[in-house]
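# Descriptive analysis of the structure
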Amino acid sequence: MENFKFIDLFAGIGGFHQAMVQLGGECVLASEIDKYAIETYEENYHINSQIDIRNLKEEDVPKHDVLCAGFPCQAFSKAGKQEGFDDETRGTLFFEIERILKHHHPKYIILENVRNLASHDKGRTWKTIEEHLHKTGYRLTPKPLIVSPHYFGTPQLRERVVILGIYDPEHADEPLEIDLGKFMKKNDNSIYSILEEGEVDEKYNISETEEKVLTMWDEFYQGIDLKVIGFPVWFEWFKKEAPDEFKPWKKEFVRKNNELYQRNKEFIDSWTEKWDNLEWCTPTQRKFEWQAGKNINSIWEGLIQFRPSGVRVKVPTCFPALVAIVQVPIIGRYKRRLTVEEAARLQDFPESFIPNEIDQQAYKQFGNAVNVEVIKKCAEKLFNYADESEIGTSK
């Protein structure tokens, strides 16, 4: 499908925009309320997205073929059941989408949301959305699609719900049988596919203290008799018993730490003395989580995060979901953090994209964006399905 028009609701920095334009679309309206995202959107697409959808009249929305929306998932009112079907979505931002659909009946809808939408409120939230979209005339897949960038070779674990629909009121209850094909597995991916191999700005390098902490824990890992550590290592509990008030799972972790220490007492005592009893570390730096099994042999081969729960090391196949990145991951091999440009690649934004000049905002914006390739793949399947099935466009 080419030369189509789309609207971009809850637009952020334009993940939907990128996907639709790459498929031949033209954006005729974008709606966003975050001032930094509005600035980034305008700089890249020369469109002012400063429109609060709650204040937007349906008749002021331009005609369009595709409605795109990464809408926030708010709780749907149970009380609405008693006041009539139409009242269920009032007060939620889904209602804003619904009223535009009722007025314009665009041929296609592409909605994105968090993975939990499919099971939220024991499935009732999805059921409410499904019923309302059917009533508005849209055919949908039997269940929302659950898709992640790593399925298509972009090394990010980020499962999201994608809802695809085609306006076909006479057959609204007939499901769309859309097959996205064979997915890649997590282990088929590699973080190095999106990383710069050469020098990057030194601001991304880890600090001397961080390098010292990681060197210390790598030495610990090399010296103990356990290579698959199935519990967090808590330095402060090597020689203590768990107090009675600890919950059972926490007592079990303490017990395992005690056992680890007793088996490796000579090495750990020497290691502790060498590293000044870890007194120079913060409390969280005295905790260590090895989540890489036997897949790597050193911290410096892994993907590392300094988290509140401790120093976490994972296999370098996929990054965690960008939205969860409060602590920007460290690439052990390069002793630096993920750059803003690499964060853009994890969301499949093109190299030409201009990120927000404030790094913190840029990371946040990419974290909140929809993944471009995920939306593009889903949209292609949707458009092709409609063409092959010759689903009508009559309104």
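An account of the accompanying structure is given in this report. None of the values given here were measured: they were computed from a predicted structure. (Residues numbered from 1 in each chain as written. Predicted model: local features only at pLDDT ≥ 70, side-chain atom pairs only at ≥ 80, totals over all residues. Heavy atoms only, no water.)

### Brief notes about the overall build of the protein chain
This is how the line gets drawn: A run of H or I in DSSP counts as a helix once it spans at least four residues, and a run of E counts as a strand once it spans at least two, with each numbered from the N terminus. For each residue, the accessible area found with a 1.4 Å probe, counting protein chains only, is set against the maximum for its type, and the residue is called buried under 20%, exposed over 50%, and partly exposed in between. Here, two residues are considered to be in contact whenever any of their heavy atoms come within 4.5 Å of each other. Accessible surface area values rest on a Shrake-Rupley calculation with a 1.4 Å probe, where residue burial reflects the displayed protein chains alone.
Within the protein chain one finds ten helices and 13 strands. With 395 residues in all, the protein chain has 53% of them scored as buried. A separation of at least 24 residues holds for 68% of the contacts in the protein chain among residues at least 6 apart in sequence. Taken as a whole, the protein chain presents about 19,100 Å² of accessible surface, with 46% of it coming from carbon and sulfur.

### Structural notes on helix 7 (residues 265-274)
Short version of the rule: For this quantity, the arc is that covered by the directions from the helix axis to the C-beta atoms.
Of all the residues in helix 7, the buried ones are Ile268, Trp271 and Thr272. All buried residues of helix 7 lie within an arc of 100° about the axis, which places them on one face of the element. Opposite the buried face of helix 7, by more than 90 degrees, sit the exposed residues Glu266, Glu273 and Lys274. Where helix 7 is buried, its residues meet helix 5 (208-223) and helix 6 (248-263). Aspartate 276, located one to two residues past helix 7, shows a positive phi value of around 55°.

### Here we look at the pairing of strand 9 (residues 287-291)
Strand residues, when the strand is regular, have side chains that alternate between the two faces of the sheet. Quick note on the threshold: A pair of strands is considered paired only if DSSP assigns at least 2 bridges between the two.
Pairing of strand 8 (residues 233-234) with strand 9 involves two bridges; the strand directions are antiparallel. The residue bridging valine 233 from the neighbouring strand is phenylalanine 288, located in strand 9. Strand direction decides the pairing type here: strand 9 and strand 11 (residues 310-314), joined by four bridges, are parallel. Bridging across to strand 11, glutamine 291 finds its partner in lysine 314.

### Quick look at the sheet that holds strand 8
Let me state the cut-off plainly: Angles shown run from 0 to 180 degrees and are taken between the N-to-C directions of axes, each axis being a line fitted to C-alpha atoms and, for helices, limited to the stretch in contact.
Ordered in space as 8-9-11-10-12-13, the six strands form an open sheet in which the pairing is mixed. Sheet topology places strand 8 and strand 13 (336-337) at the edges, where each strand pairs with a single neighbour. For strand 10 (residues 303-307) and strand 12 (residues 330-331), the ladder comprises two bridges, and the chain directions are antiparallel. Bridge pairing in strand 12 links isoleucine 304 to isoleucine 330. Taken strand by strand, helix 5 contacts strand 8, strand 9, strand 10, strand 11 and strand 13, and its axis lies near 65° from that of strand 9.

### Re empty space enclosed by the protein
The condition is simple: Cavities and pockets are defined on a 1 Å grid built over the protein atoms alone: a cavity is a set of grid points where a 1.4 Å probe fits but cannot escape, while a pocket is an open set with protein on both sides within 12 Å along at least five of seven lines, and lining residues are those with an atom within 4 Å of any such point. Grid points are joined across faces, edges and corners, and a volume is the space filled by probe spheres set on the points. Each residue is assigned to one of three groups, with Ala, Val, Leu, Ile, Met, Phe, Trp, Tyr, Cys and Pro labelled nonpolar, Asp, Glu, Lys and Arg labelled charged, and all others, Gly among them, labelled polar.
Using the criterion set out here, one finds one cavity of 30 Å³ or more in the structure. Lining the largest cavity are Glu112, Val147, Pro149, Arg158, Arg160, Val370, Asn371, Val374 and Ile375. A breakdown of the residues in the lining of the largest cavity according to their chemical character gives five nonpolar, one polar and three charged.

### Brief notes about the nonpolar core
What counts here: Only buried Ala, Val, Leu, Ile, Met, Phe, Trp, Tyr and Cys residues count toward a nonpolar core, and they belong to the same one when joined by side-chain atoms within 4.5 Å.
Judged by nonpolar contacts, the single largest core of 60 residues is most densely connected at Met20 and Ile110. When near neighbours in sequence (up to four residues on either side) are disregarded, methionine 20 contacts Phe4, Phe6, Gly25, Val66, Cys68, Ile110, Ile375, Ala379 and Phe383.

### Considering the packing of helix 1 (residues 15-22) against helix 10 (residues 372-389)
Heads up, the condition is: Every angle not falling under 35 degrees, over 145, or within 65 to 115 is termed oblique; those three ranges are roughly parallel, roughly antiparallel and roughly perpendicular. A clockwise turn of the near helix away from the far one marks a right-handed crossing, whereas an anticlockwise turn of less than a right angle marks a left-handed crossing.
Running from N to C, helix 1 and helix 10 point in directions that differ by 45°, and their axes come no closer than 8 Å. Viewed along their axes, helix 1 and helix 10 adopt a mutual orientation that is oblique. As helix 1 packs across helix 10, the resulting crossing turns out to be right-handed. Across from Gly15, Phe16, Gln18, Ala19, Met20 and Gln22 in helix 1, the residues of helix 10 making contact are Val372, Ile375, Lys376, Ala379 and Phe383. In terms of residue class, the contact of helix 1 with helix 10 is made up of seven nonpolar, three polar and one charged.

### Overview of the environment of lysine 185
Residue placement: lysine 185 occurs in the loop between strand 7 (160-167) and helix 5. The exposed category is assigned to lysine 185, whose relative accessible area is 57%. Placed 35 residues apart in sequence, lysine 185 and histidine 150 show a C-alpha to C-alpha distance of 7.1 Å.

### Some words on the environment of leucine 23
Tracing the chain through its elements places leucine 23 in the loop between helix 1 and strand 2 (25-31). Accessibility expressed as a relative area gives 14% for leucine 23, which makes it buried. Once the C-alpha coordinates of leucine 23 and tryptophan 217 are considered, the two residues, 194 residues apart in sequence, prove to be 48 Å apart.

### Thoughts on the packing of aromatic side chains
The condition that has to hold: Aromatic pairs are defined between Phe, Tyr and Trp rings, using the six-membered ring for Trp, whenever the two ring centres lie within 6.5 Å; interplanar angles under 30 degrees are classed as stacked, those over 60 as edge-to-face, and all others as tilted.
Scanning all chains against the criterion turns up 28 aromatic pairs. Ring geometry for tyrosine 41 and tyrosine 45: centres 4.6 Å apart, planes at 70°, overall edge-to-face. Placement of both tyrosine 41 and tyrosine 45 in helix 2 (residues 35-45) is noted, with a separation of four residues, approximately one turn of the helix. Accessibility assignment for this pair places tyrosine 41 and tyrosine 45 in one class, buried.

### Quick word on the pairing of strand 3 (residues 66-69)
Residues of strand 3 alternate between two faces, with Val66 and Cys68 on one and Leu67 and Ala69 on the opposite face, all of them buried. In the sheet, strand 1 (residues 4-9) pairs with strand 3 via four bridges, with the strands oriented parallel. Of the residues in strand 3, the one forming a bridge with isoleucine 7 is leucine 67. Both strand 3 and strand 4 (residues 108-114) contribute to a ladder of four bridges, which runs parallel. Bridge pairing links valine 66 to tyrosine 108 in strand 4.

### Digging into the layout of surface pockets
Here the largest pocket defines a volume of roughly 690 Å³. Lining the largest pocket are 34 residues, with Phe10, Glu32, Gly70, Pro72 and Asn368 positioned closest to its centre. For the lining of the largest pocket, the secondary structure elements donating two or more residues are helix 1, strand 4 and helix 9 (359-368). With five residues, the top contributor of residues to the lining of the largest pocket is helix 9. Grouping the amino acids of the lining of the largest pocket by side-chain chemistry returns 16 nonpolar, ten polar and eight charged.

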